[in-house]
Amino acid sequence: MKKLLVGFLYLSFIFLAGCSEADDAGIKTSGDYESGELSEESGKIVDSFYDALTTYSSIDSTSGVEVTSGDTGVVVEYREVTVGGEVLYSQEVTPHPGQLTASEWSDLENYDFYLSLFESTQELPSGLFGEFYNKGYVDALSMINVHFHNGEENIMGAKVELFNSNDEVIYTAITDIFGNAYLFPSAGEFESVSKVEIRYEDQFISHEYSYSAESNLIDFNVVTANTHEDIIEIMFVIDTTGSMGDEITYLKAEVDSVISEVSSLNPNSTIKLALLFYRDQGDNYVTRYFDFTEDISAQKQALSNQTAQGGGNFPEAVATALDEAVNKSWSNANSTKLIFHVLDAPPHDNQESMSKFSNALEIASEKGIRIIPIASSGIDKYTEYLLRNEAMLTGGTYVFITNHSGIGGDHIEATVGETDVELLNTLLVRLITEYHTGEKWEIVPFNPDSEQ
């Protein structure tokens, strides 16, 4: 009985000391929650006094729990505890950035390779992607590249419209920092293509054009001023369902690092950041949004508070998230507009969902929003197909996390040409800088045997 009392007093000391240190760090402890309330920070249910064992603490090295503060915020690690015969375990670690690895592949720059994925083989009569294309949801098999420039200076922000013979607009895109706009008439439309029109400042050009795969590059050299503004609008659209749990903590650290680095590299630029998190119908939220702001610190805090829960089936509310994302408060300025879409699952495979998905891509193209999907562990080939189309149809590029870091579940091998493996945070900083300045960065390949 004496030993039991001593043990109880020791645990009480741990609990009180942990609460005190957690309070000093500005963190909620189990005492801040009602019984049975879900702690969003940890994803644990605080159900009894014994959950005090998972209270944040740094009293000794044997507790398995530590609280430290650093540049990326509070680092928290929980211990394992058994309550009523049930083992409750949660680990919430904010790791150092620069651990996840990824590669980038641009189907816009390797369009012939993309088309080869629809060629029949003995094993795959309709090609690797043929069966997905036949669903009829997205169509990127007929591309027209319009290049708009003033001599050697590429012009960003020109509105390019593709018309059919009935004088109806069938595709709209905005030229990017490289002066390129990509137009994609569908299989039922390309035969009726009649002209291309360009509007930019006081410039208006109407050009008669009939589509053919051999003449799908249209070049316009005009005398005009470049009005691209030094504004970067970035939105991270992130799947936070339970299946993302193997990587979400690392992703938060990487995104935090990217935001800091982009701000540092562009001290004179106006950087506006928005965050949109999504799960699925029936979860405690479908979307959660933090609007564009120049208060980067506030957005980084909002990011750090997110956890991966919910879901339960493979498809998620991708279409709803993208539909909301492209219709948020993007500016009308001639600015750099980017969506980084982080996910590991496709949209729901039904007509309503996929119509919303494809419509969101059209709106993004019309507004000059480049979508850059970041494929995480667990995606299948159908999801890869959709994400590569998501990138192409909006003038973006495809990013996929690889197995080289050893973090998270298995990542399927993307069906692409030769690529370099990079650290994810370095890759994203490179892409943001390239899309904003038009200057291509030298790729720094990942080297597991050296400090990056």
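A brief structural summary. (Residues numbered from 1 in each chain as written. Predicted model: local features only at pLDDT ≥ 70, side-chain atom pairs only at ≥ 80, totals over all residues. Heavy atoms only, no water.)

1. Some remarks on the overall build of the chain
Selection criterion: Helix and strand assignments come from DSSP, with helices taken as H or I runs of at least 4 residues and strands as E runs of at least 2, each series counted from the N terminus. Each residue gets one of three labels from its accessible area relative to the maximum for its type: buried under 20%, exposed over 50%, partly exposed in between, using a 1.4 Å probe on protein chains only. By definition, residues are in contact when any of their heavy atoms lie within 4.5 Å. All accessible areas in this document rest on Shrake-Rupley with a 1.4 Å probe, and a residue is counted as covered only by the protein chains that are shown.
Summing up its helical and strand segments, the chain has 9 helices and 22 strands in all. Put simply, the chain has 452 residues, and 52% of those count as buried. Of all intrachain contacts in the chain linking residues separated by at least 6 positions in sequence, the fraction that spans at least 24 positions is 70%. Working note: accessible area of the chain is about 20,400 Å², and carbon and sulfur atoms make up 48% of it.

2. Thoughts on the side chain of T172
Assignment of secondary structure puts T172 in strand 11 (residues 169-174). Once residues lying within four places of it in the same chain are set aside, the contact partners of T172 are K159, V160, E161, L183, S365 and E366.

3. Some thoughts on helix 6 (residues 318-326)
Most of helix 6 sits inside the fold, with 7 of its 9 residues counted as buried. For helix 6, the complete set of buried residues consists of V318, A319, T320, A321, L322, A325 and V326.

4. Description of the packing of aromatic side chains
Test applied: The pairing test for Phe, Tyr and Trp rings, Trp by its six-membered ring, is centres within 6.5 Å, and the orientation test on the planes gives stacked under 30 degrees, edge-to-face over 60, and tilted for anything in between. Think of it as a cone above the ring: NZ of Lys or CZ of Arg counts as a charge over the ring if it is within 6 Å of the ring centre and within 35 degrees of the ring normal.
Evaluated as defined, the whole model comprises 17 aromatic pairs. Here the aromatic rings of W105 and F113 are separated by 5.2 Å at their centres, their planes lie at 65°, and the arrangement is edge-to-face. Relative accessible area serves as the criterion here: at 28%, F113 is assigned to the partly exposed category. Here the aromatic cluster, defined as three or more aromatic residues joined through ring pairs, consists of Y111, Y114, F118, F129, F132, Y133, Y382 and Y385. For K135, the ring lying beneath its charged end belongs to Y382, and the centroid distance is 5.1 Å. The ring of F163 carries the charged tip of K195 above its face, separated from the ring centre by 4.8 Å.

5. What to know about unusual backbone geometry
The backbone phi angle of D167 is positive, close to 60°, even though this residue is not glycine. Position of D167 relative to the elements: it lies in the loop between strand 10 (159-164) and strand 11. On the basis of relative accessible area, D167 is assigned to the partly exposed category, the value being 49%.

6. Quick notes on the sheet that holds strand 13 (residues 193-200)
The line we're drawing: Should DSSP find at least two bridges between two strands, the strands are regarded as paired. Interaxial angles span 0 to 180 degrees and are taken between N-to-C directions of axes, which are lines fitted to C-alpha atoms, for helices over the stretch in contact.
The strand order across the open sheet formed by 4 strands is 11-10-13-14, and the pairing between neighbours is antiparallel. Where the open sheet ends on each side, the last strands, each with one partner, are strand 11 and strand 14 (203-208). Between one strand axis and the next, the sheet turns by 15° as a mean value, whatever way the strands run. As defined by bridge partners, strand 10 adjoins strand 13 across 6 bridges and the pair is classed as antiparallel. Considered in strand 13, the bridge of E161 is made with E197.

7. Details of the sheet that holds strand 18 (residues 287-293)
Pairing between sheet strands relies on hydrogen bonds along the backbone, with the strands arranged either parallel or antiparallel. The 8 strands lie next to each other as 18-17-16-19-20-21-7-22, forming an open sheet whose pairing is mixed. Whereas interior strands pair on both sides, the edge strands pair on one side only; in this sheet they are strand 18 and strand 22 (422-423). In the sheet, strand 17 (residues 270-278) pairs with strand 18 via 5 bridges, with the strands oriented antiparallel. Residue pairing in the sheet places L275 in a bridge with F290 of strand 18.

8. Points about the environment of D349
Residue position: D349 is located in the loop between strand 19 (336-343) and helix 7 (351-367). Each C-alpha atom, one on D349 and one on P315, is 7.7 Å from the other, the two residues being 34 residues apart in sequence. Look past the residues within four positions of D349 in its chain and what remains in contact with it is K135, Y137, M354 and Y382.

9. What about helix 8 (residues 381-392)?
Spelled out, the test is: How far a helix is expected to stretch is found by multiplying one less than its residue total by 1.5 Å.
Helix length check: helix 8 (12 residues) gives 16 Å between terminal C-alpha atoms against 16 Å at 1.5 Å per residue, within 8%. Most of helix 8 is tucked away: 11 of the 12 residues are buried.

10. Comments concerning the side chain of R430
Along the polypeptide, R430 turns up in helix 9 (residues 424-437). Residue class for R430 comes out buried when judged on its relative accessible area of 4%. If we skip the residues at most four places from it in the chain, R430 touches E104, E422, W441 and I443.

11. Things to note about the pairing of strand 12 (residues 180-183)
A regular strand carries its side chains on alternate faces of the sheet. By the alternation rule, side chains of strand 12 split into N180 and Y182 and A181 and L183, which are all buried. Direction of pairing for strand 8 (residues 144-150) relative to strand 12: antiparallel, over a ladder of 4 bridges. Of the residues in strand 12, the one forming a bridge with N145 is Y182.

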